[in-house]
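Chain and residue survey
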Amino acid sequence: EYHTCPYKDCDSQRLREMMKREGISDNHIENILSMKASASFTKACQAHFLAKHDPTVTKVDLDGIGQHPNLYFERSRLYHEQKCKGVSTKRRRLETTQLH
């Protein structure tokens, strides 16, 4: 099994293009690339995660993100699962309110 860290192994221009395609804002991109430039690879990964997962929507646990891609994936899955449950709960509350 082999995995690599894009913040260690990819050049900044390639990362910039990738993040733009993902819809990450220019401010977030500059912040992430600044962390890469200072060799703060784990922090860059965590900042990328936060740029893709709004912490105001649901609690985001950054512990361990940047250590292994499977953990990034698992935390992302949990985030989206919680986000969907929150939307479902809000929708039910709205529907119940509209019935009365």
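Description of the structure in this document.

Parameters at a glance
Numbers given to residues run from 1 along each chain, matching the order in which its sequence is written. Reporting in this predicted model follows two pLDDT cut-offs: at least 70 for local features of residues, and 80 or more for side-chain atom pairs to be given and counted; totals over whole chains, interfaces and linings ignore these cut-offs and use all residues. Here the side-chain values reflect all heavy atoms present in the structure, with hydrogen atoms and water set aside. The set of buried Ala, Val, Leu, Ile, Met, Phe, Trp, Tyr and Cys residues whose side-chain atoms join them within 4.5 Å is what this entry labels a nonpolar core. Exposure classes here rest on a 1.4 Å probe applied to the protein chains alone. A residue is buried below 20% of its type maximum, exposed above 50%, and partly exposed in between. The secondary structure listing takes helices from DSSP runs of H or I that are at least 4 residues long and strands from runs of E that are at least 2 residues long, numbered from the N terminus. When checking whether two residues touch, look at their non-hydrogen atoms; a contact exists if any pair is within 4.5 Å. What makes a salt bridge here is a side-chain nitrogen of Lys or Arg within 4 Å of a carboxyl oxygen of Asp or Glu, nothing more.

Among the nonpolar cores identified, the biggest contains 17 residues, and Tyr7, Leu15, Met19 and Ile32 are the most heavily contacted of them. Of all the secondary-structure elements, those providing two or more residues to this core are α2 (12-21), α3 (26-37), α4 (41-52) and α5 (69-99). In contact with isoleucine 32, other than residues within four places in its own chain, are Tyr7, Met19, Ala44, Ala47 and His48.

This brings us to unusual backbone geometry. Phi at alanine 39 takes a positive value of approximately 60°, unusual for a residue other than glycine. Looking at the element boundaries, alanine 39 is found in the loop between α3 and α4.

Evaluation of the coordinates by the stated rule reveals four salt bridges. In this structure, arginine 77 engages glutamate 74 in a salt bridge whose closest nitrogen and oxygen atoms are separated by 2.6 Å. In this pair, arginine 77 and glutamate 74 both sit in helix α5, three residues apart, roughly one turn of the helix. Looking at arginine 77, the relative accessible area reads 35%, which means it is partly exposed. Residue classification places glutamate 74 among the partly exposed positions, given a relative accessible area of 31%. Between glutamate 81 and arginine 77 there is a salt bridge; the shortest N-O distance is 3.0 Å. Of this pair, glutamate 81 and arginine 77 both sit in helix α5, four residues apart, which is roughly one turn of that helix. A relative accessible area of 34% places glutamate 81 in the partly exposed class.

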